[in-house]
Structure formats: C-alpha cells, structure tokens
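Secondary and tertiary structure notes
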Amino acid sequence: MFLNALGTALPEKSYSKAQCWDAFEGSEWFKRLNARSRIIANTVLRRDNGIETRWLAVQSLDEAFVIDPDTLHRRFATHAPRLASEAAVQALERARLAPHDIDAVIISTCTGYLCPGLSGYVIERTGLRATTLAYDLVGQGCAGALPNWQIASSLLESGQCEHVLSICVEISSAAMYLDDDPGVLISACLFGDGAGAAILSRRAPERRRVEWRATSSLTNPDQREALRFEQRGGLLRNILTRQVPALAAQHAQQVLDATLQKAGVSRPQITGWMLHAGGRDVLQAMSERFDLHGDELRHSRETLRRFGNLSSAFVYFVLDAALSQPARGGWWWMSSFGAGFTCHGALLHVD
C-alpha cells in the first residue's frame with residue numbers, strides 16, 4: 001500500500017490561549033466551577049502547555065460555552081461532513097484523481113454520531129460513485145487513524161480496490177463538557193477541530209514514494225478507565241487521567257518493538273517520527289521513552305502548537321508537515337494511541 005496524497009481541513013476561525021481564557025472568565029461557567037477548577041484552567045491556558053492556537057467550529061468563543069445535547073449535536077452534524085469533504089477534495093486534487101477513481105471510503109470519528117454515517121455525506125458532497133464501498137468507524141478515540149489505514153491496506157492488498165479514501169474528522173467542540181474534574185477541564189483546554197484525508201493506493205504515485213510496510217496494534221482493557229468517553233446527561237464527557245502520558249509511552253514502545261521485529265528493522269534505522277501528541281506531557285514521555293533528542297519530534301510539536309490535539313486527525317497533519325518539507329527519507333514511524341487503552345503503529349518507508 002502506498003500513500004498517494006494527503007489533504008487537511010480546518011474550521012474558519014482559530015483562537016489563542018489568551019482568547020480562550022478571557023472567554024471562560026466571562027462565561028457563566030466561570031461562576032459555576034469552584035476555585036480549584038479556575039486555577040487549573042488558568043494554569044493550562046495561561047502558561048506553556050505546548051499549544052498556542054486551536055481551530056474551533058464556532059463563530060465566537062461565547063458559542064463554545066453553550067453546552068447542551070442539541071447544540072453540540074447540531075455542531076457536529078453541520079461541520080463534520082463539511083470538513084471531511086473538504087479534506088477529501090484536497091487529497092483528490094493533490095493525487096490528480098477524479099472522484100470516480102475511488103473504490104472505497106473509510107471514515108473515523110469519535111466526537112459525534114450520525115446515522116446514516118458520515119461516509120454517505122462525503123460520497124454526496126465529493127461526487128464519489130454510489131457503488132463506492134463505505135465504512136464508518138467509531139469509538140477508537142485519538143487512535144482512529146491507524147486502524148482506518150489497516151482496513152484500507154486489507155482492501156488494497158486483496159485486490160478489491162485500487163484507491164481508498166481514508167478520512168479522520170473530529171469536531172472536538174461538539175464534545176464539550178465542563179465540571180470540576182481536573183481531567184475534564186484539561187481536555188477542554190487541549191482539543192481542536194479538524195479533518196485529515198489520505199488517498200491510499202495499490203501502486204506508488206509519480207511523486208515521493210511512501211510505502212506502508214508493517215503494522216501492529218495493542219489493546220489493554222485493564223486501562224480502559226484511564227482514557228475514554230462516557231455519556232452523562234446526554235453529553236460526551238472525556239475521562240483523562242494523570243496516567244495517560246506514561247501509559248501512552250509504555251504502549252507505544254511495545255507496539256514499536258513488535259513492528260520492528262516483524263519487519264526486520266532496528267530502532268537506529270528510524271529517521272522520522274510521526275507521533276500523535278496528545279499533549280505536551282505525552283510528547284515529553286514519548287521523547288524520554290524513545291531517547292529522542294533535538295528536533296526529532298518537531299512535526300508533532302509544531303502540529304500541537306498550531307492546532308491543539310486534533311484527536312484521530314492529528315497524525316495526518318503531522319505527516320503532511322513532514323512531507324511538505326525536505327525531510328530525510330528512510331524508515332518513518334507513525335503511531336497513535338487512544339481510548340481503550342489502545343495503541344497502533346505503522347512502519348513507513350519513504351524514498
């Protein structure tokens with residue numbers, strides 16, 4: 001399987017940490033939450049948390065503090081199909097392919113629910129064939145991109161498809177929840193909205209060659225409560241615990257070791273690291289676990305700084321940033337983790 005082209009999409013407006021703090025301080029929620037919660041939000045939003053701006057699908061930050069089931073569902077239903085389709089169109093243009101060239105579309109999300117799923121909306125908006133195979137994946141959280149690509153690989157390697165459109169789209173502002181739990185508050189300060197799309201093909205394009213070589217996954221239900229969504233009052237409430245950075249690094253190491261052994265590649269041969277960030281503390285834990293130095297995680301850090309945690313769409317932005325620069329080729333490691341507790345990884349060879 002080869003990466004043919006990537007596309008990304010963002011909402012119209014971005015907001016700085018300072019703007020988010022000012023909006024929170026002026027909202028009714030500021031009065032509802034206790035003093036400890038205000039201190040936590042102030043610490044995350046007014047100090048260095050690795051994030052400078054986030055793109056949110058709201059016309060003003062006042063809208064972000066209107067938190068009820070109907071408003072949040074409407075936000076997801078309005079913006080998820082649009083951003084997914086915009087990212088898909090950009091990927092098609094970069095691949096120099098027409099919509100009728102796509103044989104399957106696979107869409108991952110965790111921040112909202114539609115039935116029929118997002119795939120039907122993308123087929124409609126982008127002009128894909130009515131006979132295009134369509135798959136909607138939910139419940140995988142920030143880890144969603146790699147399982148999506150694993151299914152695409154199976155479709156391509158079986159000969160069923162020539163080109164697969166792989167999309168991750170998250171409207172994190174449609175999964176907003178606030179209360180006095182520190183994990184909930186920190187989540188509200190980290191996540192942004194966006195979509196990533198990839199055209200994955202059986203044959204290499206006449207551009208930079210990016211080949212999917214090996215992949216591994218790990219699911220550890222014993223740590224399910226460390227990172228997940230729960231339903232409360234008709235709203236998605238994110239559970240984020242202090243153990244996440246260490247768990248992410250530990251699981252990522254296991255997945256990397258398994259994949260390298262499978263591929264017959266050694267750790268020093270890796271020249272590029274395309275990691276889901278989660279947040280500043282997760283990147284620090286990853287850096288220490290893999291003994292990375294200097295700018296080896298620059299693409300993940302820069303993506304986090306500019307966009308925040310985009311959940312499953314994040315690694316598309318990281319990979320797009322690396323490929324848009326004259327980054328060194330060779331073996332690249334792409335990895336994501338998320339609810340479950342799950343972790344996935346893929347070894348890419350880049351010429």
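Report follows, based on the coordinates. The model shown is predicted, which means the values in this text are computed figures rather than measured ones.

So, the nonpolar core
Judged by nonpolar contacts, the single largest core of 70 residues is most densely connected at Trp-149, Trp-273, Met-286, Tyr-316, Leu-319 and Phe-337. Counting residues per element, this core draws most heavily on helix 9 (residues 244–263), at eight residues. Those residues in contact with Tyr-316, other than ones at most four positions away along the chain, are Leu-6, Ala-145, Trp-149, Ser-166, Ile-167, Cys-168, Gly-196, Ala-197 and Ala-198. Ala-5, Val-122, Ala-174 and Ile-199 belong to the second largest nonpolar core, which has 29 residues in total.

Brief notes about the side chain of His-163
Turning to its location among the elements, His-163 is positioned in strand 6 (residues 163–170). Judged by relative accessible area, His-163 falls into the buried class, the value being 14%. Among the polar contacts made by the side chain of His-163, one reaches the side chain of Ser-201 at a distance of 2.7 Å. Among residues more than four places away in sequence, those in contact with His-163 are Asn-4, Leu-97, Asp-101, Ile-102, Asp-103, Ala-104, Leu-156, Ile-199, Leu-200 and Ser-201.

Some details on empty space enclosed by the protein
Scanning the entire structure with this criterion turns up one cavity of 30 Å³ or more. Taken as a whole, the largest cavity encloses approximately 40 Å³ of empty space. As for the largest cavity, its lining consists of Tyr-15, Ser-16, Lys-17, Cys-20, Leu-45, Ile-51, Glu-52, Thr-53, Arg-54 and Cys-189. Elements represented by at least two residues in the lining of the largest cavity include exactly strand 2 (13–16), helix 1 (17–25) and strand 3 (53–56). A breakdown of the residues in the lining of the largest cavity according to their chemical character gives five nonpolar, two polar and three charged.

Looking at the packing of helix 1 against helix 3 (residues 35–46)
Axes are the key here: two packed helices are described by the angle between their axes and the distance separating the axes. Interhelical geometry of helix 1 versus helix 3 gives an angle of 160 degrees and a closest axis separation of 9 Å. By the angle class used here, helix 1 and helix 3 are roughly antiparallel. Taken together, the residues of helix 3 that come into contact with helix 1 (itself represented by Lys-17, Cys-20, Trp-21 and Phe-24) are Arg-38, Ala-41, Asn-42, Val-44, Leu-45 and Arg-46. Its residues assigned to classes, the contact of helix 1 with helix 3 shows six nonpolar, one polar and three charged.

Description of the side chain of Asn-238
Note that Asn-238 resides in strand 10 (residues 235–240). At 2.8 Å, the side chain of Asn-238 and the side chain of Ser-187 are in polar contact. Sequence-distant contacts of Asn-238, defined by excluding residues within four places in its chain, comprise Val-184, Ser-187, Phe-191, Arg-228 and Phe-229.

Calculation rules
Residues numbered from 1 in each chain as written. Predicted model: local features only at pLDDT ≥ 70, side-chain atom pairs only at ≥ 80, totals over all residues. Heavy atoms only, no water. Core = buried A, V, L, I, M, F, W, Y, C linked by side-chain atoms within 4.5 Å. Buried < 20%, exposed > 50% of the residue type's maximum accessible area, 1.4 Å probe, protein only. Helix = DSSP H or I, 4+ residues; strand = E, 2+ residues; numbered from the N terminus. Contact = heavy atoms within 4.5 Å. Polar contact = N/O pair within 3.5 Å; in protein donor to acceptor, adjacent residues only side chain to side chain. 1 Å grid on protein atoms, 1.4 Å probe; cavity = no way out; pocket = protein on both sides within 12 Å on 5 of 7 lines; lining within 4 Å. Points joined across faces, edges and corners; volume = space filled by probe spheres on them. Nonpolar A, V, L, I, M, F, W, Y, C, P; charged D, E, K, R; others polar. Axes fitted to C-alpha atoms, helices over the stretch in contact; angles between N-to-C directions. Parallel < 35°, antiparallel > 145°, perpendicular 65-115°, else oblique.

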